[in-house]
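Topology and contacts: notes
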Amino acid sequence: MGPLGALLWSRRRMSLHLLRSVRRESKLKVAFVSLSALGLWLGIFALARFGFGLFEDLGAELLAGGRMSLGDVVMARLLSLLAAVVFALLGVSNVLVAYATFFRSREMPYLVQSPIDARTLFVGRFVEVVSFSSWATAFLGTPVLLAYGLATGAPPVFYAAAVLFYLPFVVLPAALGSMVAITLVRLLGRLRHRAGWLVGSGVLLLALLLGWLRMRLALPDLSDPSALQALFQAVGRSQSPFLPSEWLARGILASATGDVREAVFQLGLLVANAALGLWLATELAGAWLLRAFSDLVASDEQRAPGRARGVLGRLETLLAPLPEPTRSLVAKDLRLFWRDASQWSQFLIFFGLLAVYLLGSGQAARSLGAAVGDQWRAWGTILNLTASLLILASLTTRFMFPLISLEGRRFWILGLAPLTRRQVLWQKFWLSVATCSLFTVGLAILSAIRLDLEPYALGLSVGGVVAATLALSALAVGLGALYPNFEEDNPSRIVSGLGGTLNFLLSMVYIVAITLALALALLWRDLPGDLGTQHLPWITLAAALWIAALTTVAVWLPMRLGLRHLEAAEI
Amino acid sequence: MIRTEGLSKRFGTKQAVDHLDLDIPEGEFFCFLGPNGAGKTTTIKMLTGLVRPTAGRAWIGTHDVVEEPVEAKRLLGYVPDHPFLYDKLTGREFMRFVAGLYRLPAARYAERVDELLATFELAHVADQLVESYSHGMRQKLSFASTFLHEPLALVVDEPWVGLDPKNIRAVKTYLRRAADSGLTILMSTHTLSIAEELADRIGILHHGRLRHVGTVDEIKRLARAAAVDGAAEGAEGGPSSSLEDVFLELTREADDEAAALATAPSTVVSA
């Protein structure tokens, strides 16, 4: 067995041991997570089946001399758009996963000092990048493709093609992401003020993305008779023949209609480009991986800025009014977060995406406004609120859930200090509430301004966001204490355990429950006749009480369970 | 076997290692001493390929660590102070993984693995996951895996943390025997009594520069000479001084030199 074989073999063995360790987990937790995952899969399948079903008979025998229906065209465009979005998301997430895998994982120093050449090392670790970044694509993509296959009555070759297309489709963005990560570290690793450069680049990229989206995907006014054509054009812009997502979409669609020749051509195109991407990434790694790693290790050796200087120094000054030991604990958490680029860069991306969405949503909602009447504001608010809460749930799961686990082997420091574990847990909770509120409440207000909301809708949406920030923070911190992983230093891996999954699923349940209540209150007003205004106060009160009760339970229960576990834990 | 010429590393404005010239011949047990931040770990990181030198060169055998890193590393074994081990592998699986990294033939691996696991008293836990190991057991597994490919040069960074007295004795004996059989060892440690007991030669690194090199007796003689020069200032380092006294004396002397250099320009200006 050579070095590459050893890397892959060890990874397989570790995965097996990890699967076996599930047997030691609480059966209730395993059952809940498994059933929830199955429920999510089935939910996506049902939604996709329903959606594709709507288009199935739309404008039958309208196009191409009766061979294709309008529904076929719409579904094809939707699939293209979906593939383009997934490809873009994979590209972004692969940069982060590649950075963590090639530069920040604990095993890298050990592997770098082993007699493995950089190319072999890259390929060995690349397998991990691909599997780590793409399992969600498989999980979420299979129900959509299955639904599409059933809706169009696709032959068996369609399902075989979906499997064959998957690997090159996830390898290509992983190769691109790895190249970007290695190049960035190589170029920025030696720079002073690296964090500043990264933030600047991130903001610039987001601004460019926003500008591009506004220009390319501008939605037409749907009251205009030519709107359908314009909408088709807007969606059709994801169908460039130079986009890998388009090769996937075309290939899979061709296989669905039995056009094997076209499917094989598109598969060949995708495989050839994935292979080229992998080869280029391997060559780049051969030249730069070890050099970039060395630069990063060397830059880590440099001293952090002094207490009084930099963003952290200023932040710490703002914390002065807090009583000790809370102030010290908060300052410590903020410093650790700030000094881990992989942490705050993901934080920035989460909020960047949300900001891009909210800024674009005002225009989109107005475009739809003429078609659906005054209700567009209510629907726009509900959509914005749902998007904000989903991002908030990802955020609390990704960043707040690991807070207790990250104390890890250093927990004895807190254990010896003259403070109770209750204080530690509530400090994490309030830290989460304070940092998340800064962004979520700000974005809720920004969204309200974009949608020209009046005080009633503004109050409901801001109130909903505040309640959700409290509840989702408590869920993340409480469950993080209930299911800690003190052996792991990598937050991504802490979150990917059963506890993290449970936290995300429960957050989803909470979001669905409060969004339904908010939607009821927001839409009730627009009901025709007196019905809209007659019972509005009661409906609003009922929604508020429902949200308050849910939030109280979501704060109290996980925090109580987490605290009980933390106080009983022998660390 | 381990050689450096003008090896230097600068981190921003800080010169961590400054023109280090070192030549450790085959079979020598060389101990690196120095206060915290002296540049020992940075030197080791350069020798093991984790950090590239800013200037100068280093060789393991005949292989330049920058130009031929894979060949150099194949001859090298490295035991860090806090070893990385895969928690979700068993001890035996970790040994097999290391054998793969070093391209050890299957037959040779089969011969060596049980012998090493027994030598480092790990045979009874070899099929347990590493996550269940104590710190000392992890350190012993790190040693066992390092010797698997029979390195010609060994770099050891403060290896005694977590080992009990019995294991310290066993590891010391094993290392000394290995050096006597031709293994070249470069060990960085703060445990001066162990350095005194094991080392053929000692190098004292301070502020990134190699201040003194020699056998334990030569180093002690140097310290005595320094003590005579600095007697009026109450320096230690009499004829029966321990290596600890000698180390403190020589590093104090280097600190005094550095302080004198730092104040020199202002003296010139005021003159």
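Residues numbered from 1 in each chain as written. Chains lettered and ligands numbered in written order. Predicted model: local features only at pLDDT ≥ 70, side-chain atom pairs only at ≥ 80, totals over all residues.

As for the overall build of chain A
Looking only at helices and strands, chain A features 22 helices and zero strands. Across chain A, every contact between residues at least 6 apart in sequence was considered, and the portion connecting residues at least 24 apart equals 81%. (Helix = DSSP H or I, 4+ residues; strand = E, 2+ residues; numbered from the N terminus. Contact = placed C-beta atoms within 7 Å.)

Focus: the overall build of chain B
The number of helices and strands found in chain B is nine helices and ten strands. Residues counted as buried form 45% of the 271 residues belonging to chain B. Within chain B, contacts between residues separated by at least 24 positions form 66% of all contacts whose residues are at least 6 apart in sequence. (Buried ≥ 20, exposed ≤ 12 C-beta atoms within 10 Å, placed from the backbone.)

Comments concerning the confidence of the model for chain B
Summarising the model, chain B shows a mean pLDDT of 83, and 87% of its residues fall at 70 or more. Among the prediction metrics, the complex's ipTM stands at 0.77, with pTM recorded as 0.73. (pLDDT = per-residue confidence, 0-100.)

Here's the deal with the interface of chain A and chain B
Facing 28 residues of chain A, the contacting portion of chain B comprises 24 residues. For the side of chain A that touches chain B, the secondary structure elements donating two or more residues are helix H1 (3-21), helix H4 (108-112) and helix H10 (260-301) of chain A. Its residues assigned to classes, the side of chain A that touches chain B shows 13 nonpolar, eight polar and seven charged. (Nonpolar A, V, L, I, M, F, W, Y, C, P; charged D, E, K, R; others polar.)

A few points about the packing of helix H5 (residues 118-152) of chain A against helix H6 (residues 156-188) of chain A
Residues and elements named next belong to chain A. Interhelical geometry of H5 versus H6 gives an angle of 145 degrees and a closest axis separation of 9 Å. Read as a crossing pair, H5 and H6 show a hand that is right-handed. Residues Phe126, Val129, Val130, Ser133, Ser134, Thr137, Ala138, Leu145 and Gly149 of H5 form the contact with H6, whose participating residues are Phe158, Tyr159, Ala162, Tyr166, Val170, Val171, Ala174 and Ser178. Tallied by class, residues from the contact of H5 with H6 come to twelve nonpolar, five polar and no charged. (Axes fitted to C-alpha atoms, helices over the stretch in contact; angles between N-to-C directions. Left-handed = near helix turned anticlockwise from the far one by under 90°.)

Overview of the environment of Arg12(A)
By secondary structure assignment, the location of Arg12(A) is in helix H1. Between the C-alpha atom of Arg12(A) and that of Leu315(A), which follows or precedes it by 303 residues, the distance is 44 Å.

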